[in-house]
Amino acid sequence: MSGKRIIPYGRQEITEEDIKAVAEALRSDYLTQGPKVAEFEAKLASYCGAEYAVAFANGTAALHGAYYAAGLEKGDSFITTPMTFAATSNAGLYLGASPRFCDVEPDTGNIDTDGIPALIDKSVRLIAPVHYSGMPADMERVRAIADENGLMVVEDACHALGAVYKGERIGNCAYSDMTVFSFHPVKHVATGEGGAVLTNDENLRGILMRFRSHGITRESLVNEPHGGWYHEMQELGYNYRITDIQCALGISQLSRAENSINRRRQIAARYDAAFNEIKGLKTPPHREERLNAYHLYPLRIENGRREVYDLLREKGVYAQVHYLPVYMHPYYRANGFESFTLPEAEKYYKSELSIPMFPSLTDEEQEYVIKCVTEAMQCVSG
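This is a predicted model, so every value here is computed, not measured.

*Asks:* I keep staring at the overall build of the chain and nothing clicks. Help me out?
*Replies:* Within the chain, the regular secondary structure consists of 12 helices and 17 strands. By the compact-globule yardstick of 21 Å for 382 residues, the chain fits well, its C-alpha radius of gyration being 21 Å. Here the C-alpha coordinates of the chain stretch approximately 80 × 55 × 40 Å along the principal axes. Burial status across the chain gives 54% buried among its 382 residues. Put simply, of all contacts in the chain between residues at least 6 apart along the chain, 73% involve residues at least 24 apart. Counting only carbon and sulfur atoms, one obtains 49% of the accessible surface of the chain, whose full area is about 16,800 Å². Averaged over its 39 positive side-chain charges, the chain has a centre that lies 5 Å from the centre of its 51 negative ones.

*Asks:* Any chance you could explain the nonpolar core here in plain terms?
*Replies:* Nonpolar side chains in soluble globular proteins tend to end up buried together. Core analysis: the largest hydrophobic core is formed by 41 residues, its most contacted members being Leu44, Ile116, Phe181 and Leu198. Broken down by secondary-structure element, the contributors of at least two residues to this core are helix 2 (35-48), strand 2 (52-56), strand 5 (124-128), helix 5 (139-149), strand 10 (195-199), helix 7 (244-254) and helix 8 (257-275). At 6 residues, helix 2 tops the list of elements feeding residues into this core. Excluding its chain neighbours within four sequence positions, the residues that come into contact with Leu44 are Ala53, Leu161, Phe183, Ala196, Leu198 and Leu254.

*Asks:* Is there a simple way to explain the sheet that holds strand 4 (residues 98-101) in this structure?
*Replies:* Picture the strands of a sheet paired through backbone hydrogen bonds; they go either parallel or antiparallel. An order of 2-10-9-6-5-3-4 is seen for the 7 strands of this open sheet, with the pairing classed as mixed. At either end of the open sheet lies a strand with only one pairing partner, and these are strand 2 and strand 4. Recorded for the sheet is a direction-independent mean angle of 25 degrees between the axes of neighbouring strands. For strand 6 (residues 152-156) and strand 9 (residues 178-182), the ladder comprises 3 bridges, and the chain directions are parallel. In the sheet register, Val154 faces strand 9, and the bridge partner there is Met178. On the sheet, helix 5 packs against strand 5 and strand 6 and is oriented at approximately 155 degrees with respect to strand 6. Its contacts with the sheet put helix 6 (residues 202-211) on strand 2, strand 6, strand 9 and strand 10, and the angle it makes with strand 2 is roughly 15 degrees.

*Asks:* Would you explain the sheet that holds strand 13 (residues 281-282) in this entry?
*Replies:* Sheet architecture is open: 3 strands sit in the order 13-15-17, paired in antiparallel fashion. Each of the sheet's edge strands pairs with one partner strand only, and the pair in question is strand 13 and strand 17 (352-355). Sheet strands touched by helix 11 (residues 343-351): strand 15 (297-301) and strand 17. Its angle to strand 15, the strand with the most contacts, is close to 95 degrees.

*Asks:* Before we go on, may I ask you to explain the packing of helix 1 (residues 16-27) against helix 7 in this structure?
*Replies:* A pair of packed helices is characterised by two quantities: the angle between their axes and the separation of those axes. Running from N to C, helix 1 and helix 7 point in directions that differ by 150 degrees, and their axes come no closer than 8 Å. As the angle between them shows, helix 1 and helix 7 are arranged roughly antiparallel. The hand of the helix 1/helix 7 crossing is right-handed. When helix 1 is examined against helix 7, the residues Glu17, Asp18, Ala21, Val22, Ala25 and Leu26 are found in contact with a partner set consisting of Asp244, Ile245, Ala248, Leu249, Ser252 and Gln253. Of the residues contributing to the contact of helix 1 with helix 7, the split by class is 7 nonpolar, 2 polar and 3 charged.

*Asks:* Explanation requested: the pattern of salt bridges in the structure shown.
*Replies:* Where charged atoms from two side chains of opposite charge come close, those side chains can pair. Tallied over the entire structure, the rule returns 21 salt bridges. With its nearest N and O atoms 3.7 Å apart, the salt bridge here joins Glu105 to Arg287. Of this pair, Glu105 sits in the loop between strand 4 and strand 5 while Arg287 is found in the loop between strand 13 and strand 14 (290-291), placing the two residues 182 residues apart along the sequence. Arg287 gets classed as partly exposed once you look at its relative accessible area, which sits at 25%. Between Lys347 and Glu344 there is a salt bridge; the shortest N-O distance is 3.8 Å. Pair noted here: Lys347 and Glu344 are both in helix 11, with a separation of 3 residues, about one helical turn. Connected through shared salt-bridge partners, Glu13, Asp18 and Arg256 make up one network.

Rules used in this analysis
Residues numbered from 1 in each chain as written. Predicted model: local features only at pLDDT ≥ 70, side-chain atom pairs only at ≥ 80, totals over all residues. Heavy atoms only, no water. Helix = DSSP H or I, 4+ residues; strand = E, 2+ residues; numbered from the N terminus. Rg over C-alpha atoms; globule rule 2.2 N^0.38 Å. Buried < 20%, exposed > 50% of the residue type's maximum accessible area, 1.4 Å probe, protein only. Contact = heavy atoms within 4.5 Å. Areas by Shrake-Rupley, 256 points an atom, 1.4 Å probe, with all protein chains shown as cover. Lys, Arg positive; Asp, Glu negative; His and termini not counted. Charge placed at Lys NZ, Arg CZ, Asp CG, Glu CD. Core = buried A, V, L, I, M, F, W, Y, C linked by side-chain atoms within 4.5 Å. Pairing = 2+ DSSP bridges. Axes fitted to C-alpha atoms, helices over the stretch in contact; angles between N-to-C directions. Parallel < 35°, antiparallel > 145°, perpendicular 65-115°, else oblique. Left-handed = near helix turned anticlockwise from the far one by under 90°. Nonpolar A, V, L, I, M, F, W, Y, C, P; charged D, E, K, R; others polar. Salt bridge = Lys/Arg side-chain N within 4 Å of Asp/Glu carboxyl O.

See below:
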């Protein structure tokens, strides 16, 4: 393999079956608001073991909808982790609420549940744990804390489609009120852009359905209908609808999701075996009763993370860092988090490096990544 070949940290996998499914949608009577949306929602809910799924235009819109359905509003607070993409907390800002960032476990990067109770006061309405990299957070503990304090729970599972917690798939909402997924191209199922909220609560489903479509409904009308055309805007919603084209792709991708996730686990096992004995390098931890979906494979580099990143890039291995703690972004620094700090989150950020992890990564490419990482670690430690 030439060192000039670029291997990204993540990449979509599009098959001929995917292309055929999208082409059929394009030839159908519906490009949006048609039957493929409902079909995708039903199959996603069935896969995860939830009663309902409501698809959105993207994962951020889905988070926004979930927080809205949970009743989050101006003056409220919500607890989440800084080790995530900014959308997790931004979606609360859209509603006028304020995030309270809890520190993370030093090995998983997931929310440290021991730190949650101290952040709770009368303004807190919900807890939004993130399944960082695809490793399930301690949802049983999160739910217990929420129940003790009368709080809602919204899982940010944008990394975790196919992950398993205590024998059941993430997304079944056994420990949460709602679970949010993303279908960005580097995720387990791609729809181009797309997202979904899963729930077992019919009332929450109704709120989500209205929120994604301008607050408009034809059901549970306030006024007597004027005719078959009649519909009402009952609240202020958004145009967060997903298209039939995207859902056709999602249905096709979901049909092979389990094979793709198993491939990710095979890749992770090979990485584990190759890197476990390298000094100064830590591989992702394992947890009893939790099965990682490996959206990411986050290495922890004790010293020289920047040098390793640069050396890999020179060889065409485009690793990435996940994430700058949210409160360290300039916008957050300028809006209430000027000197805020969480030690474990910042330690995690300073050492984390995500190396290529996607189902179509070939054995040859993986061996090349392993070789490049090993050589880079030798350079920084020598």
